[in-house]
Amino acid sequence: MVGLKLFNTAGEVSEVVPRLAAVEADVQDLVEAHMEAMLGVRFLASEYVIDCVDGGRIDSLGIDENGAPVIVEYKRGTDAGVINQGLYYMAWLTNHKDAFRNLARCRLRLGATAASQILWSTPRLICVAGDFTRYDAHAVREHRRSIDLARCRYFGSDHFGLETVASVTGHSTQAKRVRRRAAGAPPVRKQGGAMAELAQAVDEVLIGLGGGVTRVQRKQYRAYRRLRNFASVCPPQQTKLLVYLKADPKDIDLVPGFTRDVTGLGHHGTGDLELQLRTERDLKRAQDLFRLSYTAA
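To start, this report covers the structure provided alongside it. Everything quoted here is computed from the prediction, not taken from an experiment. (Residues numbered from 1 in each chain as written. Predicted model: local features only at pLDDT ≥ 70, side-chain atom pairs only at ≥ 80, totals over all residues. Heavy atoms only, no water.)

## Considerations on the pattern of salt bridges
A full pass over the atoms with the stated rule returns 13 salt bridges. Asp148 is the partner of Arg124 in a salt bridge, and the nearest nitrogen-oxygen pair spans 2.8 Å. Of the two residues, Arg124 sits in strand S6 (residues 124-129) while Asp148 sits in strand S7 (residues 146-155), which places them 24 residues apart along the sequence. With respect to class, Arg124 is no different from Asp148; both count as buried. Beyond isolated ion pairs, a larger network of salt bridges with shared partners links Asp64, Arg124, Asp148 and Arg225. (Salt bridge = Lys/Arg side-chain N within 4 Å of Asp/Glu carboxyl O. Helix = DSSP H or I, 4+ residues; strand = E, 2+ residues; numbered from the N terminus. Buried < 20%, exposed > 50% of the residue type's maximum accessible area, 1.4 Å probe, protein only.)

## With respect to the pairing of strand S5 (residues 69-75)
Most of S5 is tucked away, with seven of its seven residues classed as buried. The alternating pattern of S5 places Pro69, Ile71, Glu73 and Lys75 and Val70, Val72 and Tyr74 on opposite faces, both of which are buried. Of the pairings in the sheet, the one linking strand S4 (residues 57-64) to S5 comprises four bridges and is antiparallel in character. If you follow Gly62 over to S5, its bridge partner there is Val70. Direction of pairing for S5 relative to S6: parallel, over a ladder of six bridges. Pairing of Val70 across the sheet is with Arg124, part of S6. (Pairing = 2+ DSSP bridges.)

This is the structure in structure tokens:
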């Protein structure tokens, strides 16, 4: 097992071997307390009792930054059953949407309109465990569900890490129906133009940043995420493409007309750093910022 090298103020190096949690509840308590920072998910409920014949308790329920329902299941070590258990709960959840809407409205004080816009096309299952096997990673890729596998380890007495092992975005039945209808319809003329081509180039760069990048399509933007969003791309405008990153604008040398601090300002997508891309040259200038946001996620 590879250790983590830590440096003290004197420059001395010590190696800390990662370890598993003492009990499963330790992981659950820690993640629930910092769920938004770790997973990009707003916490709704813990040990949520489901009403069905076989019964059960969902470890954690939440809603992610794109509005999708999220189930989080935890295991201390390696346990293939965590995926099947989570899928069982997801099936219950998709058949009891009103219960989740009511929970979200109560806990997050969502209005009726916001609750009705919950992204049911891609509900998510996040499995947090001490480790996973290659068979687990293969299994999630065979499912038409949005599933993330996150390995959790403790380092020393006060460090905790989550590492994405596999991340898959599911396909909704609604999207399938749209594709089937479109198959028999006359071909639609594609919209071209420089901004559409630039958006395609941005998509290729963001997907190519590394493993575990998935897309989430919303009406107002397309999100790129690992466990959390790291970039949001809005539909092309006539003369520019807006991209929002999860980078701290205070750490960036802002350039008027290219980068802007939108902290506290309403906008589509997620992130406090706005990029305004107009040319391929702007895309090249943006790539270091893309990598910075990707690494932070």
